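# Coordinate analysis (summary)
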Amino acid sequence: MASVALLWFGEHMSAVPLRNNKAAFSAVRSVTVLGATGSIGDSTMDLLRAAPGLYRVEALTGNSNVRGLASLAREFDARFVAIADPSRLVELKEALAGTRTECGAGESAIIEAAARPADWVMAAVSGAAGLKPALAAVDRGATVALANKECLVCAGDFFMQRAQKAGACILPADSEHNALFQALGSGNREELVRVIITASGGPFRTWDPADIEQATLAQALKHPNWSMGQKITIDSASMMNKGLEVIEAAYLFSLTPDQIDVLVHPQSIVHGMVEFSDQSVVAQLGAPDMRIPIAHCLGWPDRISKGPAARLDLAKIGQLTFEEPDFERFPALRLAYESLRTGRGATTVFNAANEVAVAAFIAGQIKFGAIARLVEATLEAWIRSGNLAPLESADDAIAVDHKARNKAASLLPQIALKAS
Ligand code: NAD
Ligand code: MG
């Protein structure tokens, strides 16, 4: 399997590879998709569908959508499928009747799916629930296309260290990080000045703070450019998504917070840029379609011949515009940088509190503006209680995640009551 990127990363070794580190894939690449029934899963299956004969599906997983999972298993003749909800196993077995697909249920079955021998794994479970399955793939030295940013934010440096130790190869599937991955190859580590990730600005980019505070779920779910799962769409509206991505970039590419900038770019065409010491800025562009970065991961270290996404037509788009992010109206970004600088589990707390806050917002328990307030209050309480400590294992990360969720849940009632 691919060796780590010693050349580019030098002493800052990383499990993100260089293009010239050719991986030893079989002629027909075996593929596992964790979170196959979600939005990223859908895009991934679409790419597989468009290239019959090139890929063989080893395993697919979903949370509770038995019908969707079974239908994919039938279409792709998957060897194994796993559903996270244990109460759906009988239903899943029935839906797979007459096929040769084996199945399982519960967290252990999701982990089993990840641990089965597939050349390439898409890690697209949403939230920190994706950590253990992603680690199961990493531990067997797989090539892992990482869409799930929360697991990286939750586990921090530890995730990449473990990938490096196992000889796993992490391919960034998040569009901004995939753009950086493609642009970074233009120079070497010593020549890097900074990276810039772009943000669409979400549906509330031009809104007044008072309106953002009162935004409804339907308004938060109306993303101007991207079609995505519910959680990440809400995160995009609060700019928590960009905060998570700043942290994701730091861990993926061993960057300091000062080396990562965010630029609001409402058209979502330029996804990421890298500035080098000679003032050259190398960018990656593409239509806002996740099938493009996923295709890059799927084809890596080569490129697939033709993906199903639309080609970029810049003349038609006409204008690309950029603006500074507003840290006042979108405090999520400030909190992300602060937790990254704080380290010692703070990014785990940041992620856990956000997951609790988003669930509470969806349930109608808190206003949109309270999402960032709950994250901030949880971080403050965590630090005040002297809980910061380096994460040395997955268990450490999971324990902090659980404790931080409880802390956030305990702060929920007072945050819900407090006016902005
Ligand atoms: P989604 O909600 O559409 O899909 C999530 C998938 O995970 C589904 O298959 C669901 O069944 C499964 N799942 C949810 N909870 C689970 C659990 N507890 N155990 C096992 N499986 C579970 O989400 P999505 O938009 O596809 O995003 C997936 C991940 O990719 C997220 O981490 C997100 O931040 C990241 N990502 C998404 C996009 C995008 O365009 N959608 C872009 C970049 C990164
Ligand atoms: Mg992204």
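What you see is a predicted model, and the numbers here were worked out from it, not measured in a lab. (Residues numbered from 1 in each chain as written. Chains lettered and ligands numbered in written order. Predicted model: local features only at pLDDT ≥ 70, side-chain atom pairs only at ≥ 80, totals over all residues. Heavy atoms only, no water.)

When you go through the protein residue by residue, the secondary structure sums to 19 helices and 11 strands. Taken over the C-alpha trace, the protein has a radius of gyration of 21 Å; the compact-globule value for 420 residues is 22 Å, and the two agree within 12%. Seen through its C-alpha atoms, the protein measures out along the principal axes to roughly 55 × 55 × 45 Å. For the protein, the residues scored as buried account for 56% of the 420 residues in total. The long-range fraction of contacts in the protein, counting pairs at least 24 apart against all pairs at least 6 apart in sequence, stands at 68%. The positive charge centre, built from 39 side chains, and the negative charge centre, built from 45, are 4 Å apart in the protein. (Helix = DSSP H or I, 4+ residues; strand = E, 2+ residues; numbered from the N terminus. Rg over C-alpha atoms; globule rule 2.2 N^0.38 Å. Buried < 20%, exposed > 50% of the residue type's maximum accessible area, 1.4 Å probe, protein only. Contact = heavy atoms within 4.5 Å. Lys, Arg positive; Asp, Glu negative; His and termini not counted. Charge placed at Lys NZ, Arg CZ, Asp CG, Glu CD.)

Now for the pattern of salt bridges. Following the criterion strictly, the structure yields 28 salt bridges and no others. Its salt-bridge partner being Lys231, residue Asp235 comes within 2.6 Å of it at the nearest N-O pair. Taken together, the residues span about one helical turn, with Asp235 and Lys231 both in helix H12 (residues 230-238) at a distance of four residues. We classify Asp235 as buried; its relative accessible area is 1%. Three or more residues joined by partner-sharing salt bridges are found here, namely Asp46, Arg49, Glu75, Asp289 and Arg291. (Salt bridge = Lys/Arg side-chain N within 4 Å of Asp/Glu carboxyl O.)

Further remarks concern the nonpolar core. Counting 139 residues, the largest nonpolar core has Leu60, Met122, Phe159, Ile170 and Phe368 as its most contacted members. Not counting the four nearest positions on each side in its chain, Phe159 is found in contact with Leu131, Ala134, Leu135, Val138, Leu146, Cys151, Leu152 and Ile170. (Core = buried A, V, L, I, M, F, W, Y, C linked by side-chain atoms within 4.5 Å.)

Right, let's talk about the coordination of the magnesium ion (ligand 2) for a bit. At this site the magnesium ion (ligand 2) is bound by Asp174 (OD), Glu176 (OE) and Glu245 (OE), with donor distances of 2.1 to 2.2 Å. Each donor residue of the magnesium ion (ligand 2) belongs to the same chain, with the gaps between them written as D-x1-E-x68-E. With Asp174 in the loop between strand E7 (169-172) and helix H9 (175-184) and Glu245 in helix H13 (residues 240-253), the pair connects residues that are 71 residues apart, well separated along the chain. Overall, the relative accessible area of 1% leaves Glu245 in the buried class. (Donors = N, O, S within 2.8 Å, 3.2 Å for Na, K, Ca; no water.)

Moving on: the site of ligand 1. Taken together, 22 residues form the shell around ligand 1, and within it Thr37, Ile40, Asn63, Glu150 and Gly229 come nearest. Measuring from an oxygen atom of ligand 1, one finds a side-chain N or O atom of Thr37 at 2.8 Å. The separation between an oxygen atom of ligand 1 and a polar main-chain atom of Gly229 is 2.9 Å. About the coverage of ligand 1: the protein hides 85% of its 820 Å² of free accessible area. Put simply, the parts of the chain that give the shell around ligand 1 at least two residues each are helix H2 (39-49) and helix H7 (149-155). (Near = heavy atom within 4 Å. Polar contact = N/O pair within 3.5 Å; in protein donor to acceptor, adjacent residues only side chain to side chain. Areas by Shrake-Rupley, 256 points an atom, 1.4 Å probe, with all protein chains shown as cover.)

What follows is about the sheet that holds strand E11 (residues 281-285). The mixed open sheet is built from four strands, whose spatial order is E9-E8-E10-E11. Edge strands, defined here as strands with exactly one partner in the open sheet, are strand E9 (260-264) and E11. If you compare each strand with its neighbour and ignore which way they point, the axes differ by 20° on average. As paired strands, strand E10 (residues 270-276) and E11 are joined by five bridges and run antiparallel to one another. Directly across from Glu275, in E11, lies its bridge partner Val281. (Pairing = 2+ DSSP bridges. Axes fitted to C-alpha atoms, helices over the stretch in contact; angles between N-to-C directions.)

Backbone hydrogen bonds hold the strands of a sheet together, and the pairing may be parallel or antiparallel. The strand order across the open sheet built from seven strands is E4-E3-E2-E1-E5-E6-E7, with neighbouring strands paired in parallel fashion. At either end of the open sheet lies a strand with only one pairing partner, and these are strand E4 (102-105) and E7. Recorded for the sheet is a direction-independent mean angle of 20° between the axes of neighbouring strands. Of the strand pairs in this sheet, strand E6 (residues 143-146) and E7 are connected by four bridges, and their pairing is parallel. What sits directly across from Thr143, in E7, is Cys169. Seen against the sheet, helix H3 (residues 66-76) touches strand E2 (55-62) and strand E3 (80-83) and runs at an angle of roughly 170° to E2.

Moving on, we get to a nonpolar patch on the surface. A cluster of nonpolar residues, Leu285, Leu312, Leu314, Ile317, Leu320 and Phe322, forms a patch on the protein surface that exposes about 440 Å² of accessible area. Among the secondary structure elements, Ile317 is positioned in helix H15 (residues 314-317). (Patch = residues over 30% accessible without salt bridge, like charges linked within 9 Å, V, L, I, M, F, W, Y side chains within 5 Å.)

Quick look at the packing of H13 against helix H17 (residues 346-362) now. H17 packs onto H13 with a crossing angle of 150° between their chain directions and a minimal axis gap of 11 Å. Here H17 runs roughly antiparallel to H13, going by the angle between their axes. At the point where H13 passes H17, the crossing takes the left-handed sense. Within the contact between the two elements, H13 uses Met240, Gly243, Leu244, Ile247 and Tyr251 and H17 uses Thr347, Phe350, Asn351 and Asn354. (Parallel < 35°, antiparallel > 145°, perpendicular 65-115°, else oblique. Left-handed = near helix turned anticlockwise from the far one by under 90°.)

On to the packing of aromatic side chains. What characterises a pair of aromatic rings is the spacing of the ring centres plus the angle enclosed by the ring planes. Applying the stated rule across the entire model yields four aromatic pairs. Taken together, a centroid distance of 4.4 Å and an interplanar angle of 45° make the contact between Phe204 and Trp207 tilted. Given a relative accessible area of 24%, Trp207 falls into the partly exposed group. Relative to Phe368, the ring of Phe204 has its centre 5.1 Å away and its plane inclined at 85°; by these criteria the two rings are edge-to-face. Here the residue Phe204 occupies a position in the loop between strand E8 (192-199) and helix H10 (209-214), and Phe368 occupies one in the loop between H17 and helix H18 (370-384), the gap between them amounting to 164 residues. Just as Phe204 is buried, Phe368 falls in that class too. Connected via pairs of aromatic rings, a cluster forms that spans Phe204, Trp207, Phe361 and Phe368. (Phe/Tyr/Trp six-rings, centres within 6.5 Å; stacked < 30°, edge-to-face > 60°.)

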